[in-house]
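# Chains, contacts and geometry: an overview
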Amino acid sequence: MKKVSVSFTLNGDPVTAEVPATWSLLKTLRETFELTGAKEGCGVGECGCCTVIVDGDAVNSCLYPIPEIEGRSVTTVEGIVGKEGAMHPLQTAFLENNAVQCGFCTSGMIMSAKALLDKNPDPKEEDIRASIAGNFCRCTGYVQIVEAIQMAAKKK
Amino acid sequence: MIDYDYKIPTSLREAIGLLKEYGNNAALIAGGTDVMVKVRNTRNAPGVLISLRRLNDLRYIQKKHGYHIGALTTHRMLEQSDLVKSELSALHDAASRLGSVQIRNVATLGGNICNAAPSADTAGPLLVLGATAVLEGPKGRRSVPLTEFFTGTYQTVRQPDEVLVEFNIPEEMGRFGSAYWKHTRRKAMELPLIGIAVAMRLSEDRGKILDARIALSVAAPTPIRASLAEEFLKGKPFNDEVLQEAGRIASSKDCCSIRTSLRCEAWYREEMVRVFVPRMAKLAVERSKNP
């Protein structure tokens, strides 16, 4: 098994990992760093449950080859909490607006929404819908999720 | 167990050198949204993946004696480019509807074309825009018109030691209007059931069709131009009757070989070609600048 050593920034901290070259970013986050917020749903870039932010852009971490992460900056859902574990405004809005049912899609939804709000703090509904078009929710439907993102945008 | 090595060259020359060194044992990877799925599911995973991701000087959209788009340009860059939106509209339509934001952030134009799926969203627009693909290998560069690029389903003229580096679109395409319709059941995360791209150029009084280009995806083993329908339109008056006849010709066996697949029956695909060739032609004309 050919291994690679990668150094990158993970939720603000410099880290290094030595993992097989065939691993994805998702697998490394879950197996090496035990960050299980990002999840594998489909494993082929359709469901968005594995969404994390790399250098400011939302990406499917299941399709992101780990050797490519060298020198980049990764933010996962674990990295968006505030001081002393205070929830991020998006997390609060999701809870208050009943935008969570089983929760499997939630961390991906929140990371896609965060990537949007970081670049566009005052998005239109169509911008929000476009930003989460690659995140599937199979329980609550999307209305409360869109409203939660709108709520978080207003709070900011 | 799948076990491959992963090389990240930092220059095009280095990438071509690695291709030469590893030969048939190597495969190229750019954004990885197709390749990562492929290498995971196949027992024929390559011995080495050679990444193009750090070749950042192949990510550009330029207008200078025509349009030049680097092969590593992401769909997100195309989607956010005002130049692409206003002057290469069909390509903008396709780039904005491919996959999701997460996919578009990494997936490249060169990758979409080299993967050569019959459903490749950007292929139809590049075909109607008269694009040429530039390949670079150990022996230098060569240009291939996109009409000759696809040799079969998932097959292209690219040789194992070549890298696709750029697309060139002739300056005159700025005087056309163009549009692409991706016909899908859902609004997002879909492959087209059928894809229709049209580029149009009318006379100054907008009464006569000077030039027309039509391309179809998922209508044959490769994305194709509907040449007979294009020839029919040239010189004709711009009206509904003429456009409908062009749609009929484009959907006929003379132009394409539409088939029934798991995702869609043939009769429906044919019907949608007849419906959307006229609609896209009108949208293309609406978008065209003064001829």
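Nothing here was measured: the structure is a model prediction, and the numbers come from that model. (Residues numbered from 1 in each chain as written. Chains lettered and ligands numbered in written order. Predicted model: local features only at pLDDT ≥ 70, side-chain atom pairs only at ≥ 80, totals over all residues.)

### Thoughts on the nonpolar core
Residue and element names in this part refer to chain B.
- Formed by 141 residues in total, the largest nonpolar core has its most connected members in Val198 and Val277.
- In terms of residue count, the dominant contributor to this core is helix α11 (residues 266–287) (9 residues).
- Once residues lying within four places of it in the same chain are set aside, the contact partners of valine 198 are Val128, Ser178, Ala179, Arg213, Ile214, Val277, Met280, Ala281 and Ala284. (Core = buried A, V, L, I, M, F, W, Y, C linked by C-beta atoms within 7 Å. Buried ≥ 20, exposed ≤ 12 C-beta atoms within 10 Å, placed from the backbone. Helix = DSSP H or I, 4+ residues; strand = E, 2+ residues; numbered from the N terminus. Contact = placed C-beta atoms within 7 Å.)

### Section: the interface of chain A and chain B
- Taken together, the contact pairs 23 residues of chain A with 21 residues of chain B.
- For the side of chain A that touches chain B, the leading source of residues is strand β4 (residues 57–60) of chain A, giving 4 residues.
- In terms of residue class, the side of chain A that touches chain B is made up of 11 nonpolar, 8 polar and 4 charged. (Nonpolar A, V, L, I, M, F, W, Y, C, P; charged D, E, K, R; others polar.)

### A word on the environment of serine 131 of chain A
All names here are of chain A.
- On the secondary structure map, serine 131 appears in helix α4 (residues 125–131).
- With 25 C-beta atoms counted inside 10 Å, the residue serine 131 sits in the buried group.
- Considered as a pair, serine 131 and alanine 99 are 32 residues apart in the sequence and their alpha carbons are 16 Å apart.

### As for the packing of helix α2 (residues 89–96) of chain A against helix α3 (residues 106–119) of chain A
All names here are of chain A.
- It is the contact of α2 with α3, at a shortest axis distance of 10 Å, that shows an interaxial angle of 130 degrees. Looking at the two axes, α2 sits oblique to α3. The handedness of the crossing between α2 and α3 comes out as right-handed. Across the interface between the two elements, Leu90, Gln91 and Phe94 of α2 pack against Thr106, Ile110, Ala113 and Lys114 of α3. (Axes fitted to C-alpha atoms, helices over the stretch in contact; angles between N-to-C directions. Parallel < 35°, antiparallel > 145°, perpendicular 65-115°, else oblique. Left-handed = near helix turned anticlockwise from the far one by under 90°.)

### Side note on the domain arrangement of chain B
- As far as domains go, chain B holds domain 1 (5–51), domain 2 (59–172) and domain 3 (177–287).
- Each of domain 1 of chain B and domain 3 of chain B has a C-alpha centre, and the two are 36 Å apart. (Domains from an automatic or database assignment.)

### A few points about the sheet that holds strand β7 (residues 140–145) of chain B
Residues and elements named next belong to chain B.
- In space, the 5 strands of this open sheet follow the order β4-β5-β10-β6-β7, with antiparallel pairing throughout. Across the chains shown, the open sheet's two edge strands, defined by having one partner strand only, are β4 (61–63) and β7. Going from strand to strand, the sheet's axes swing by 25 degrees on average, the running direction of each strand aside.
- Pairing analysis gives 3 bridges linking β4 to strand β5 (residues 67–70), with the strands arranged antiparallel. Each bridged residue has a counterpart across the sheet, and for lysine 63 the counterpart in β5 is tyrosine 67.
- In the packing of helix α1 (residues 12–22) onto the sheet, the strands contacted are β6 (132–137) and β10 (163–169), and the crossing angle to β10 comes to about 130 degrees. (Pairing = 2+ DSSP bridges.)

### What about the packing of α2 of chain A against helix α5 (residues 143–155) of chain A?
Residues and elements named next belong to chain A.
- Here α2 crosses α5 at 135 degrees, and the two axes come no closer than 8 Å. Comparing the axis directions of α2 and α5 gives the class oblique. Two packed elements cross with a definite hand, and for α2 against α5 that hand is right-handed. For the pair formed by α2 and α5, the contact residues are Pro89, Leu90, Ala93 and Phe94 on the first element and Ala148, Met151, Ala152 and Lys155 on the second.

### A look at unusual backbone geometry
- A positive phi angle, near 45 degrees, is found at aspartate 55 of chain A, a position not held by glycine.
- Residue placement: aspartate 55 of chain A occurs in the loop between β3 (51–54) and β4.
- Judged by the 13 C-beta atoms lying within 10 Å of it, aspartate 55 of chain A falls in the partly exposed class.
- At methionine 189 of chain B, a position not held by glycine, the phi torsion is positive, near 50 degrees.
- Tracing the sequence through the fold places methionine 189 of chain B in the loop between β11 (177–183) and β12 (194–202).
- The exposure class of methionine 189 of chain B is partly exposed, given the 18 C-beta atoms found within 10 Å.

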